[in-house]
Amino acid sequence: MLKTQQITLEKAIVQSPGNIVSDMDGEKVMLSVSNGKYYNLGELGGEIWELMKEPITIKELVTKLQSQYNVDQTDCQLQVTDFLSQLLEQGLVSIHS
C-alpha cells in the first residue's frame, strides 16, 4: 500500500475537491462525485473533515483533537492516521506538498 506509507505526522493533508458533504443529525455524510459512493464520516470524522478544509499536518490534527477530547496521544495518532489512510485510499483526501 504505497498511499498509506506516505502518511506521517509531518505530512500535510487536505480534502480532495469534488465531494458533496452534508450534516445529518450531527454526523457528516459525503457523496464522492468522482466515484459515486456515499460515505458516513460520523461525528468525529466530520470534525476531522472540517479541519482539513485547508492543508493541515497530521500532528496539528492530533493536537487539536487532544485539546477537545480526553484521549491518549498515541491512541489519537493511531486512530487519526488509520482514518486518513482510509480516506486517502478512496481518493477523498490528498497529501499536500
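Residues numbered from 1 in each chain as written. Predicted model: local features only at pLDDT ≥ 70, side-chain atom pairs only at ≥ 80, totals over all residues. Heavy atoms only, no water.

## Digging into helix H4 (residues 73-89)
Thought 1: Its 17 residues give H4 an end-to-end C-alpha distance of 24 Å, which sits within 8% of 24 Å, the value for a rise of 1.5 Å per residue.
Thought 2: Among all positions of H4, only Cys76, Gln77, Val80, Thr81, Phe83, Leu84, Ser85, Leu87 and Leu88 are buried.
Thought 3: Positive backbone phi, approximately 80°, marks Gly91, located one or two places after H4. (Helix = DSSP H or I, 4+ residues; strand = E, 2+ residues; numbered from the N terminus. Expected span 1.5 Å × (residues − 1). Buried < 20%, exposed > 50% of the residue type's maximum accessible area, 1.4 Å probe, protein only.)

## Some remarks on the sheet that holds strand S4 (residues 38-41)
Pairing between the strands of a sheet is mediated by backbone hydrogen bonds and can be parallel or antiparallel.
Thought 1: If you trace the three strands from one edge of the open sheet to the other, you get S2-S3-S4, paired in antiparallel fashion. Every other strand in the sheet has two partners, leaving strand S2 (19-24) and S4 as the edge strands with one partner each. For this sheet, the mean inter-axis angle between neighbouring strands, taken without regard to orientation, is 25°.
Thought 2: As judged from the three bridges shared by strand S3 (residues 27-32) and S4, these two strands associate in the antiparallel manner. When the bridges of S4 are listed, Leu31 appears paired with Tyr38. (Pairing = 2+ DSSP bridges. Axes fitted to C-alpha atoms, helices over the stretch in contact; angles between N-to-C directions.)

So far we have only geometry, and geometry alone does not tell us how the molecule works.
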